Amino acid sequence: FRRLRWKNYTIVGDVTVSMYPYSTQLLWWIKNYSTDSVTSSYVFFNDGDERPDAEKIIGRTGGIYAKECNSFAAVKKLIRETMEKGSGGDRPENDIEALIAGEREFPDRDFQVLIADNKAPVKDMALVTSLRKPVRIILCGADPYFINPDYLNLARKTKGSVHLAEQDLNALSLIREGEALRIGYKIFVLHEGLFTEKDEERK
């Protein structure tokens, strides 16, 4: 947040079990720098409110909670309540469903910041065409050996961006078919409109 200095956006955060450390970091930032340093618009999701995996329907998985929060205490309460209502279940998450909710709840914001789990695939990518605003993704748990291409593709399709601890991937939508993108030790190639990891034999 210090590096990017965004304004007028909604935070959409994955608060399933694997994301607990990063939710804590978000709260630490807000406690030390206040909501004025980020935003007052928040959406948190837990992927289904303990719903059995077999009953999770794309677009109707649920476990999504939105609120205008103007204090550290309010953000902490919303995160805690969302966490307590669900643990996440299967690894893929309903990121797009949560982003759609964010656009609906906070229509005056210019874009959304998704705090996402690099190790969790996006289960509802089929809904991405329903999004109307850019998605800027803070990718948690990323490392030079593994970047989940789902988030590169989500950012590209919404004309957004991906942000790692020490690297910002902007203008992904301008990369052309067949062009390569290096992130850490990995190379991704845009093939038929999607980023795919380059095979070892093609390096």
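1. Notes on the sheet that holds strand β3 (residues 64–68)
Within the open sheet, the seven strands sit side by side as β3-β2-β1-β4-β5-β6-β7. Their pairing is mixed. Of all strands in the sheet, those bounded by a partner on one side alone are β3 and β7 (168–169). Relative to strand β4 (residues 111–117), strand β1 (residues 9–14) runs parallel, the two being bridged by five bridges. When the sheet's bridge partners are listed, Tyr9 is paired in β4 with Phe111. Strand contacts of helix α3 (residues 95–105): β1, β2 (41–45), β3, β4 and β5 (135–140), with the helix running at about 155° to β4, the strand carrying the most contacts. Packing of helix α4 (residues 149–157) onto the sheet brings it into contact with β4, β5, β6 (161–163) and β7, and relative to β5 it is tilted by some 165°.

2. Quick word on the sheet that holds strand β10 (residues 194–197)
On the basis of which strands lie adjacent, the open sheet formed by three strands has the order β8-β9-β10 and antiparallel pairing. Here the strands that pair on one side only, and so sit at the sheet edges, are β8 (180–183) and β10. The mean inter-strand angle of the sheet, taken between neighbouring strand axes irrespective of direction, is 30°. Bridging between β8 and strand β9 (residues 186–191) involves four bridges; their strand directions are antiparallel. Residue pairing for β9: Leu181 is matched across the bridge by Phe188. On the sheet, α4 packs against β8, β9 and β10 and is oriented at approximately 160° with respect to β10.

3. Quick notes on the side chain of Ser40
Among the secondary structure elements, Ser40 is positioned in the loop between α1 (20–33) and β2. Among the polar contacts made by the side chain of Ser40, one reaches the side chain of Arg109 at a distance of 3.1 Å. Leaving out residues up to four positions away in the same chain, Ser40 has contacts with Lys67, Glu68, Cys69, Asn70 and Arg109.

What counts, and at which threshold
Residues take numbers from 1 onward in each chain, read along the sequence in its written order. The predicted nature of this model means local features are confined to residues of pLDDT at least 70 and side-chain atom pairs, given and counted, to a pLDDT of 80 or more, with totals for whole chains, interfaces and linings taken over all residues. Derived side-chain values reflect all non-hydrogen atoms in the structure, with water molecules and hydrogen atoms excluded from consideration. Whether two strands pair comes down to DSSP finding at least two bridges between them. For helices the rule is a DSSP run of H or I covering at least 4 residues; for strands it is a run of E covering at least 2, with both sets numbered from the N terminus onward. By the convention used here, residues are in contact when the closest approach between their heavy atoms is within 4.5 Å. Convention adopted: a line fitted to C-alpha atoms gives each axis, helices being fitted over their contacting stretch, and angles between N-to-C directions are expressed from 0 to 180 degrees. Here a polar contact means two N or O atoms within 3.5 Å. Within protein one must be a hydrogen donor candidate and the other an acceptor candidate, and residues neighboring in sequence count only if both atoms are side-chain atoms.

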